Amino acid sequence: NCMVNEDCFGECGGEAVEDECGICDGDGSLCTVSLSISVDDLTGLMLVNMSNAMDVAGFQFEISNINIISASGGSAEENGFMVSASGGIVLGFDLSGGSIPAGDGVLVEIDFTALWDEACMSDVVLSDPLGGGINFAIGDCIALDFTVVDGCMDADACNYNEDANQDDGSCEYS
């Protein structure tokens, strides 16, 4: 007969509590999807990596500083997802209501053109098979093979630099 409260394990006076996933003494990781980006050195494709302990029925995210040429492959393609990509936004879902099962691997491969020297993932939306939102964690930004060239970018300036891709405020006019 316990005279104080029992924890979620039923231990008298214990301190274990259920996490947001409903797991006694859990750390919340089983209801959070981890996403990260990397660039494959051999193919030059950007890989969107996903580690998920639950089914994922849809995804959307934006990757900064790239222009997406195409997005395909990975667990999205393996599970019949329709993947759409435009600008820096990628959207994926299965028209028949299927989902990507729990796993750890490449979600999608992106053929892209770098617009700057780093890329970051943001504006993530993930949904479960019932249409509810899924918690997520995003990895760090990554470096891209892109050279920043400072200079005057105004074609009407005397010192216009046609190679510049970052205006440094140095434009001079006659």
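All of the points below concern the structure found in this document. Throughout this document, residue positions are counted from 1 along each chain, in the order its sequence is written. Selection of residues for local features in this predicted model requires a pLDDT of at least 70, selection of side-chain atom pairs for listing and counting requires 80 or more, and totals for whole chains, interfaces and linings are taken over all residues. Excluded from the side-chain calculation are hydrogens and water; included are all heavy atoms of the structure.

1. What to know about the nonpolar core
Move 1: In this description, a nonpolar core means a group of buried Ala, Val, Leu, Ile, Met, Phe, Trp, Tyr and Cys residues linked to one another through side-chain atoms lying within 4.5 Å. Buried means the residue's accessible area, taken with a 1.4 Å probe over protein chains only, is under 20% of the maximum for its type, while exposed means over 50%, and partly exposed covers the values in between. Met46, Phe61, Leu107 and Ile110 are the most contacted members of the largest nonpolar core, which has 31 residues in total.
Move 2: Helical segments are the DSSP runs of H or I of at least four residues, strand segments are the runs of E of at least two, and each set is numbered from the N terminus. Looking at this core, the element that brings in the most residues is strand S7 (residues 103–114), giving five residues.
Move 3: Once residues within four sequence positions are removed from consideration, methionine 46 is found in contact with Ile37, Ser38, Val39, Ile63, Ile66, Val108, Glu109, Ile110, Phe112, Ala119, Ile142 and Leu144. Two residues form a contact once any of their heavy atoms are found within 4.5 Å.

2. Focus: the sheet that holds strand S1 (residues 32–39)
Move 1: With mixed pairing, the five strands of this open sheet are ordered in space as S4-S7-S2-S1-S10. In the strand order of this sheet, the two ends are held by strand S4 (66–72) and strand S10 (135–138), each with one partner. Across the sheet, the axes of successive neighbouring strands diverge by a mean angle of 30 degrees, strand direction being ignored.
Move 2: Should DSSP find at least two bridges between two strands, the strands are taken to pair. Both strand S2 (residues 46–52) and S7 contribute to a ladder of seven bridges, which runs antiparallel. What sits directly across from methionine 50, in S7, is glycine 105. Interaxial angle, 0 to 180 degrees, is taken between N-to-C directions of lines fitted to C-alpha atoms, where a helix line uses only the stretch in contact.

3. Some details on the packing of aromatic side chains
Move 1: In this scheme Phe, Tyr and Trp rings, the latter by its six-membered ring, pair at centre separations within 6.5 Å, and the angle between planes marks the pair as stacked below 30 degrees, edge-to-face above 60, and tilted otherwise. Going through the model one piece at a time under the given rule, you end up with three aromatic pairs.
Move 2: Ring geometry for phenylalanine 59 versus phenylalanine 81: centroids 6.0 Å apart, planes at 10 degrees, classification stacked. With phenylalanine 59 in strand S3 (residues 58–63) and phenylalanine 81 in the loop between helix H1 (74–78) and strand S5 (82–86), this residue pair connects regions lying 22 residues apart in the sequence.
Move 3: Residue phenylalanine 81 is classed as buried on the basis of its relative accessible area, which comes to 8%.
Move 4: Relative to phenylalanine 146, the ring of tryptophan 116 has its centre 5.9 Å away and its plane inclined at 40 degrees; by these criteria the two rings are tilted. Here tryptophan 116 is found in the loop between S7 and strand S8 (118–119), whereas its partner phenylalanine 146 is found in the loop between strand S11 (142–143) and strand S12 (150–151), with 30 residues between them in sequence.
Move 5: We classify tryptophan 116 as partly exposed; its relative accessible area is 23%.

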